[in-house]
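Examining the three-dimensional arrangement
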Amino acid sequence: MPTRDAAPPGRGRTFRYDSGPIDGLKPVAPTESTVSEATEEPWRTVFGHAEPYPDQADGIDAARTVAGKNGFLALEGACGTGKTMLALTAGIDLVRDPDSDYERVVVLTSVKQQLRQFESDLRTINETLPDDWRPVSGLTLVGKADVCPYARENRGGVDAENVYERCEGLRERTRNLVGDGGETTPGALVDGARRAQTGFADAGGDGVDYLETGGEPTPYLPETPEHGGSATREGVEYCPFYAQYLDDLPEEGDAAEAVPFDFTDRGFVDAEELVRLSAGRGTCPHSVMGALLPETEVVVANYYHAFDPTTVGGFTGALVDDSTFVVCDEAHMLEPRVRDLVSDGVADASLRDAESELTRVIQPVRFENAGKTTEGTTDADLVRGELADAEVSLEEVERLREFVRDLREEIDRRVEAFLDAERRGWRDDLTELRDEELPLRDPEVPGEDEITAWAREAGYGEAVWARAEQVGAVVARILDEAEATDGGGGDGSDSSNGGGSRDRQRAAPGVGRTLNEWYRRDHETYFRELELLRTWDRTEAPESWRRAYNARLALHNCVPADTIGERLAEFGGGVLMSATLAPLDVFAEVTGLNYLESRGRPVETRTYGLGFPEANRASFAVDVPKFTYSNRGAPGEDNQTRRAHVDAVSEVAATTPGNVLVGMPSYGEAEWMAGELEADARVEKPVLLDESSDDTATEALKADFFEGEAKLLVTSIRGTLTEGVDYEGDRLAAAAVCGVPIIDTSSPRTRAVRTAYDREFGEGFETALTVPAVRKARQAIGRVIRGPEEVGVRCLVDARYARESWNGVREHLPEHEREEFRPVSSDMLRFGLERFWSDRE
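As a starting point, this report considers the structure included with it. (Residues numbered from 1 in each chain as written. Predicted model: local features only at pLDDT ≥ 70, side-chain atom pairs only at ≥ 80, totals over all residues. Heavy atoms only, no water.)

Things to note about the overall build of the protein chain
Counted only if it meets this: Here a helix means four or more residues in a row that DSSP labels H or I, a strand means two or more in a row labelled E, and each is numbered from the N terminus. Based on C-alpha atoms, the radius of gyration is set beside the globule rule, defined as 2.2 Å times the residue count to the power 0.38. Only protein chains enter the area calculation, which uses a 1.4 Å probe; residues under 20% of their type maximum are buried, those over 50% are exposed, and those in between are partly exposed. Residues are treated as being in contact if the distance between any of their heavy atoms lies within 4.5 Å. The accessible surface values rely on the Shrake-Rupley method and a 1.4 Å probe; as for residues, cover is taken only from the protein chains in view.
What the protein chain contains, in helices and strands, is 31 helices and 23 strands. A compact globule built from 841 residues should have a C-alpha radius of gyration of about 28 Å, and the protein chain, at 30 Å, falls within 12% of that. Taking the principal axes of its C-alpha atoms as reference, the protein chain extends roughly 90 × 80 × 60 Å. Looking at the protein chain residue by residue over its 841 residues, the buried ones come to 55%. Of the contacts made within the protein chain by residues no fewer than 6 positions apart, 76% connect residues no fewer than 24 positions apart. Of the roughly 35,300 Å² of accessible surface on the protein chain, a fraction of 44% belongs to carbon and sulfur atoms.

Side note on helix α9 (residues 271-279)
Most of α9 sits inside the fold, with seven of its nine residues counted as buried. Every buried residue belonging to α9 is among Ala271, Glu273, Leu274, Val275, Leu277, Ser278 and Ala279, and all of these are buried. Lining the buried residues of α9 we find α4 (144-147), α5 (149-153), β4 (212-213), α8 (240-248), β8 (268-269) and α10 (285-292).

A short note on the sheet that holds strand β1 (residues 72-77)
Threshold: Pairing between two strands is assigned when DSSP locates at least 2 bridges connecting them.
The strand order across the open sheet built from eight strands is β8-β3-β9-β2-β10-β15-β1-β16, with neighbouring strands paired in parallel fashion. The open sheet has two edge strands with one neighbour each: β8 and β16 (603-608). Relative to β16, β1 is paired through six bridges, and the arrangement is parallel. Residue glutamate 76 lies in a different strand from β16, and its bridge partner there is threonine 607.

Some thoughts on the pattern of salt bridges
Here the idea is simple: oppositely charged side chains can pair when their charged atoms come close. The criterion, for reference: When a carboxyl oxygen of Asp or Glu is within 4 Å of a side-chain nitrogen of Lys or Arg, the pair counts as a salt bridge.
The final tally for this structure, using the stated rule, is 63 salt bridges. Between aspartate 321 and arginine 104 there is a salt bridge, and its shortest N-O distance comes to 3.3 Å. In this pair, aspartate 321 is assigned in the loop between α12 (309-316) and β10 (324-328) and arginine 104 in strand β2 (residues 104-108), connecting sequence segments 217 residues apart. What makes arginine 104 buried here is its relative accessible area of 3%.

A short note on the sheet that holds strand β14 (residues 549-557)
Selection rule: Lines fitted to C-alpha atoms define the axes, with helix axes restricted to the stretch in contact, and inter-axis angles between N-to-C directions lie between 0 and 180 degrees.
In space, the four strands of this open sheet follow the order β11-β14-β13-β12, with antiparallel pairing throughout. The sheet is open, and its two edges are formed by β11 (344-347) and β12 (436-439), each paired on a single side. Strand-to-strand twist in this sheet, taken as the mean axis angle between neighbours without regard to direction, amounts to 25°. Against the sheet, helix α16 (residues 394-422) makes contact with β12, β13 (526-534) and β14, and its axis sits at roughly 70° relative to β13, the strand it touches most.

A word on the nonpolar core
Stated precisely, the cut-off is as follows: Residues belong to one nonpolar core when they are buried, are Ala, Val, Leu, Ile, Met, Phe, Trp, Tyr or Cys, and are joined through side-chain atoms within 4.5 Å.
In this structure, Leu108, Phe307, Leu568, Leu576 and Leu593 are the most contacted members of the largest nonpolar core, which totals 70 residues. Counting 53 residues, the second largest nonpolar core, distinct from the first, contains Trp465, Val474, Leu515 and Leu553.

Some points on unusual backbone geometry
Looking along the chain, the bond that leaves alanine 582 and enters proline 583 is cis, with omega of -5°. Structurally, the position occupied by proline 583 is in the loop between β15 (573-578) and α21 (584-590). Of note, asparagine 70 is a non-glycine position whose phi angle comes to about 60°, a positive value. In this structure, asparagine 70 sits in the loop between α1 (54-68) and β1. One non-glycine residue, glutamate 391, lies in the positive phi region at around 55°. Along the chain, glutamate 391 turns up in the loop between α15 (377-390) and α16.

Quick word on the packing of aromatic side chains
Note the cut-off: For this analysis, a ring pair means two rings from Phe, Tyr or Trp (six-membered ring only for Trp) whose centres lie within 6.5 Å, classed as stacked if their planes differ by under 30 degrees, edge-to-face if by over 60, and tilted for the remaining angles. Geometrically, a charge over a ring is one whose NZ (Lys) or CZ (Arg) sits within 6 Å of the ring centre while staying within 35 degrees of the ring normal.
On inspection of all chains with the given rule, the structure shows 17 aromatic pairs. Ring centres of phenylalanine 261 and phenylalanine 263 lie 6.5 Å apart, and the angle between their planes is 65°; on these two criteria the pair is classed as edge-to-face. Accessibility expressed as a relative area gives 0% for phenylalanine 261, which makes it buried. Relative accessible area serves as the criterion here: at 0%, phenylalanine 263 is assigned to the buried category. Ring plane angle 70° and centroid distance 5.2 Å describe the contact between tyrosine 757 and phenylalanine 761, whose orientation is recorded as edge-to-face. Of this pair, tyrosine 757 and phenylalanine 761 both sit in helix α27 (residues 748-761), four residues apart, which is roughly one turn of the helix. In textbook terms, an aromatic cluster arises when at least three aromatic residues are bridged by ring pairs, as seen for Phe403, Trp454, Tyr460, Trp465 and Tyr519. Cation over ring: arginine 528 sits above tryptophan 518, and NZ or CZ is 5.6 Å from the ring centre. Above the face of the tryptophan 672 ring, arginine 642 is positioned so that its terminal group lies 4.4 Å from the ring centre.

Encoded structure:
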């Protein structure tokens, strides 16, 4: 096995060039030769290219200046602005500035392609730094499925589907074995796992069967080991990688000392290298990733790493402080992404499991009191002791169980009543059922929801709601302790994997937390509903709705602006950027920037247009009938509106010498348009249709579109092919967007969001629905021109883009796009297209 590298790095600012000596390393400071001749712009030394674009330089200066005042820059920059390098340069320069308090840059993005761009630009920065500068350390946060050796190789009963439950179960049992009162030590567990492999070879096994991952052998067998097994006792399954990490972790001091390699001069470490360097040395890559977080200068992550309360509380909290320069990329998606993360809910299945857990805590005490058994004495003492320590009474546990049981019955009653009224005969064919929303109040009239009212009338008052979280937490603690005392098996009622090992997360804490939030949150900015989500559970009775649905009580945060603002306020400063933020005043309202300004944090804005040659592109706002439902009707109807949109797209397809992307408001409309284009004699290109599908099918469709002869690809604007996909080079010659892709306004949740925005900002329809739809359309047409040599056509097909009207959207385009997207009639569109392509020839 390989030996360990040099001692791991120190903490935080030890990576900055102004630091003193750490671990025998000499501090690296900029010399006269390494500082750019433009001393007023020291960031040029960090900048990864010879010269910045003018807008790029302005953006770096603006970001650095406002962040130096603990403020934020909202930046809209068209493709080609160099936003990724701009943000990294500003942030890294501040981190390495001896007069700055910043210690790290945290990049947040929801698009995988953008994540890869930040990784690439960070590598470029490191490649171009002066020779006497230490590389900028970087790390990308990924999920457990990407780094767990067992999950990556589908061994040990761990795979991408169950990795979180299995990991937590394995870690919990490992901690129980080595913690206070445990029967062994981390080092002994590691030795046992290594000896198992040696014993396999000594016993005449046909070669030593190493678990390999990331191209590196690990010191363990492919299956998870067990500790303490005998003829009369099942062993306890544990994770040897996590045991090694615990063995390396010092009792006091820095978690980074458990990192088995020298991180100081490695620069950027991606997930594959992290796995190779960690698993190859027998330690847990995910734990090592967590230990490195406070030590890393640039962390590339997802929105949920900063905004999901559970993730921040359990893993990434060290990144959320005033020494972090935060970069929110694709920031036009910040509001909807965070709305989902800070909303809450509890499923019917979770309520069922919580009821079972509550019963398991109640029974030992009640059975002992009734004299039914003497076997429960130990468990009864444990229950009484833990409840007393938590200042929770057994009566409170019983009351919560009654509430959860009655709540499930009320859900059952409501679902059956709804299906009987709205989906008559539903029991005859459960496969015909679809997802449903059952609002618990009028979405447009804030007020108490029906579940809260039901609970009050049933005698469940504030006490049961308010105490639910604390009761749920102590129930989980009791069950964990009971199973640890029992050697990992507990009462066996819900055990799985490896001798009674338990890998399902406890339901009671989550149920208790959600019930507490349900009662505590207001009824103006929060909307409550019962969601019916399609599933197929053969363990339920054939005539039960639970066979076809998982019901979920949902608590939606309709207006997350203050929540976003509060979290951003915890960072030192940063940049929020996208190619489509306009209108910036609306963006500032809905993403909490106004909240920050009201608390004295400065906010600056910048808008940069497309910097590539205007002669290489033609942009049209086509004045045809508005593609609204009232105008177009259902797919298949023959009317002027539908004919006009088919004609416009056909003209683009017929005149464009290359691939054409067509964006429609929905997948249903995309299917209709694809059929019309296939039947249109003017369209000679093959027509590809994107349907709602998995990633594999989408990637295959993209490959088909990019290869061979020119084609038409028709998709939904709200799908995955119009945003975050790079159609570089000659992969795309034109894009046409039909209509304004406003989401279904009849949905109860959408109506509630619109009403809440009306109350909070005014003009709820514009702010909550129209502006995000225009951004979606702009993202789609932004796929065409991705570089200075690229040539193409961009068409917004709908009168609302072409002229002012009561429901027009032209005002939501930034000024530079209003100037470029010239309104044209359908008659003049072909002339404009032919002239443009003729000039290019």
